[in-house]
Amino acid sequence: MNIGYHLTQAARRWPAKTAIIFEGRRWSYLEFDRLANRAANAFAAAGIGKGDRVAFITWNLPEQVAGFYGLLKIGAIPVPVNYRLAANELKFIIENAGAKFVVFDDELTERVAVIAPQLPGLGFVHIGRDAPDFAARFHDFIAPASDADPGIHAGGDDVAFIMYTSGTTGSPKGVLRTHRAEIIGAMMMGQEVGFRHGDVCIHNKPLFHIAQLQLQVLPFIAVGATAVMTRGFDVDETMSYVGSERITCLHGVPTQLIMMMQQDLSKYDLSSLRCGFFGGQNLPDVTTRACMAMFPDTFFNLYGMTEALSCIGVDYNAQPDLVGSVGHPIGNVDMRVIKVGSEDPRDLAATGEIGEVIVRTPAVMQGYLGLPEKTAAVLRDGWYFTGDGGSLDDRRLLTVHGRLDFTIKSGGENIHPSEVENVLFEHPAIGDAAVIGLPSAKWGDLVCAAVVSKDPGLTAEALDRYCLESPDLADFKRPRRWFFVPEIPSNSTGKVERNVLRQRLLDSLTAPLN
């Protein structure tokens, strides 16, 4: 089956049911399906067919989701791209994915205009009021197309979409997600969390993250629920929508939930909320307890990744004694913790010993685009080797201890140190540098840089300005704390000893990082 067919089915079963609410406008399932069909037929008329890739660089917009589903129906492959990336980072992903079209919105026009001349032969479609000269306006692009269903042209083990993740190598990797895996993943989430036809959710996190797409968009359309879309995340907007649209389900990354719990919640009507869920990193216990009270039915911690979707989970309301753990494998998932450095799924770590978490699930990725060696390194004997450190207690409950490598997880984003270091090394006054994440109650990890300066007059302000102006570094990857050090610790082979550096920087702090 084709994951895009879920929208077709929803339109047939519940044609008048509200599917999408966005900035005062509402689309029924029938209306939204017709919009997706127009997008499908327009792209087909423009030469896009099975296996062709279309990059989406937009904030959350109904046209984005309609285009996404339309492409799924004709067997083409949507590629959601992080709109927070710098221009050259966007160009890398567009080229790496082999995209034939780029869909972007008003917020991205300036960056896309920089790279468009360097991408000859690509088509550009703009969502918004004033399309630049090199792009067609989305609604003009689809206007001549039929709103009839284009039929299903792909499914099963065909690639449904490509989701890019920084992962652990520093260079973004395209994760190949198949129709079969996505359908199974949507069913697993619906069953585990208990999504209902009458639910109303809010899509306020970017759809270039697998969590928002897999935890909400796909399963909610499958059950015919209603989604309130916002361009991005704003605390007051989110909590106000809970009352005005009677939101029942809310997903958040820990940073967002912490921000919500810092508000005066008494001024909002939150009585409709029943189900909350989060993932990405652990929550402070005090925030977890507050969320458990705000979501009276269920409050889930879901552990997963782009490559294997959500695979471990626990409902803290049902099992409050498990706060801090990520629980047991969900349905259709097997999980083990093996000894660090082992490649044998049978080489189990002892109870309480930190090892590598590996999972086996029918929702696992097909592989990394164009990277057979990296694929083979993480997919072995049917198991996905996550690279996460974890331990099992005597009840077989999983506690995650962070990356076995040094990927920084800040505010729900994965940032590899080399992405930032490569930019810093270009600065003429920097002799050496290393980037690590230090613990932050709000962000999980705070991006921090240790710098050996060749210029005694070099300041943190100058480096911050340098990073802000760099076309090669997204703002969310910019170091928020600078440490000027005499040397970067390294081993005999020249590799940075990040654990040593991390401890040195922590020892130098006189107050917690904010």
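Here the structure is shown first, and the text comes after it.
Read on for a plain summary of the structure. A quick note: this is a predicted structure, and the numbers were derived from the prediction, not measured.

Parameters and conventions
- Residues numbered from 1 in each chain as written.
- Predicted model: local features only at pLDDT ≥ 70, side-chain atom pairs only at ≥ 80, totals over all residues.
- Heavy atoms only, no water.
- Helix = DSSP H or I, 4+ residues; strand = E, 2+ residues; numbered from the N terminus.
- Rg over C-alpha atoms; globule rule 2.2 N^0.38 Å.
- Buried < 20%, exposed > 50% of the residue type's maximum accessible area, 1.4 Å probe, protein only.
- Contact = heavy atoms within 4.5 Å.
- Areas by Shrake-Rupley, 256 points an atom, 1.4 Å probe, with all protein chains shown as cover.
- Lys, Arg positive; Asp, Glu negative; His and termini not counted.
- Charge placed at Lys NZ, Arg CZ, Asp CG, Glu CD.
- Pairing = 2+ DSSP bridges.
- Axes fitted to C-alpha atoms, helices over the stretch in contact; angles between N-to-C directions.
- Salt bridge = Lys/Arg side-chain N within 4 Å of Asp/Glu carboxyl O.

## Brief notes about the overall build of the protein chain
Counting its regular elements, the protein chain contains 15 helices and 27 strands. Computed over C-alpha atoms, the radius of gyration of the protein chain comes to 23 Å, within 12% of the 24 Å expected from 2.2 N^0.38 for 514 residues, which places it in the range of a compact globule. Its C-alpha atoms give the protein chain principal-axis dimensions of roughly 65 × 55 × 50 Å. Relative to its full complement of 514 residues, the protein chain shows a buried share of 57%. A fraction of 66% describes how many contacts in the protein chain between residues 6 or more apart in sequence connect residues 24 or more apart. If you sum the accessible surface of the protein chain, you get close to 20400 Å²; carbon and sulfur atoms cover 49% of it. A distance of 4 Å separates the average location of the 47 positive side-chain charges in the protein chain from that of its 59 negative side-chain charges.

## Section: the sheet that holds strand 5 (residues 99–105)
Spatially, five strands are ordered 4-3-5-6-7 in an open sheet, and the strand pairing comes out parallel. Single-partner strands in this sheet number two, and they are strand 4 (77–80) and strand 7 (136–137). Taken together, the four bridges between strand 3 (residues 53–57) and strand 4 define a ladder with parallel strand orientation. Bridging from a neighbouring strand, Val54 pairs with Pro78 of strand 4. Packing of helix 3 (residues 62–73) onto the sheet brings it into contact with strand 3, strand 4 and strand 6 (123–127), and relative to strand 3 it is tilted by some 165°. Running at roughly 160° to strand 3, helix 4 (residues 87–97) makes contact with strand 3, strand 4 and strand 5 of the sheet.

## Description of the pairing of strand 26 (residues 444–453)
On a regular strand, each side chain points to the face opposite its neighbour's, so the side chains alternate between the two faces of the sheet. Where burial is concerned, most of strand 26 is hidden: eight out of the 10 residues are buried. Judged from the 10 bridges that link them, strand 25 (residues 430–440) and strand 26 form a sheet pairing that is antiparallel. By the bridge assignment for strand 26, Gly437 is matched with Val447. Between the end of strand 25 and the start of strand 26, which pair antiparallel, lie three residues. The pairing of strand 26 with strand 27 (residues 481–484) spans four bridges and is classified as parallel. Paired with Cys448 across the two strands is Arg481, which belongs to strand 27.

## Concerning the pattern of salt bridges
Applying the stated criterion across every chain yields a total of 25 salt bridges. The salt bridge involving Lys73 is made with Asp149; its shortest N-O contact spans 3.3 Å. A residue pair is termed long-range when its members are at least 10 positions apart, and Lys73 in helix 3 and Asp149 in the loop between helix 6 (138–142) and strand 8 (159–165) qualify at 76 residues. Classification of Asp149 as partly exposed rests on a relative accessible area of 33%. A single salt-bridge network, built from bridges that share partners, covers Asp464, Asp475, Arg478 and Arg480.

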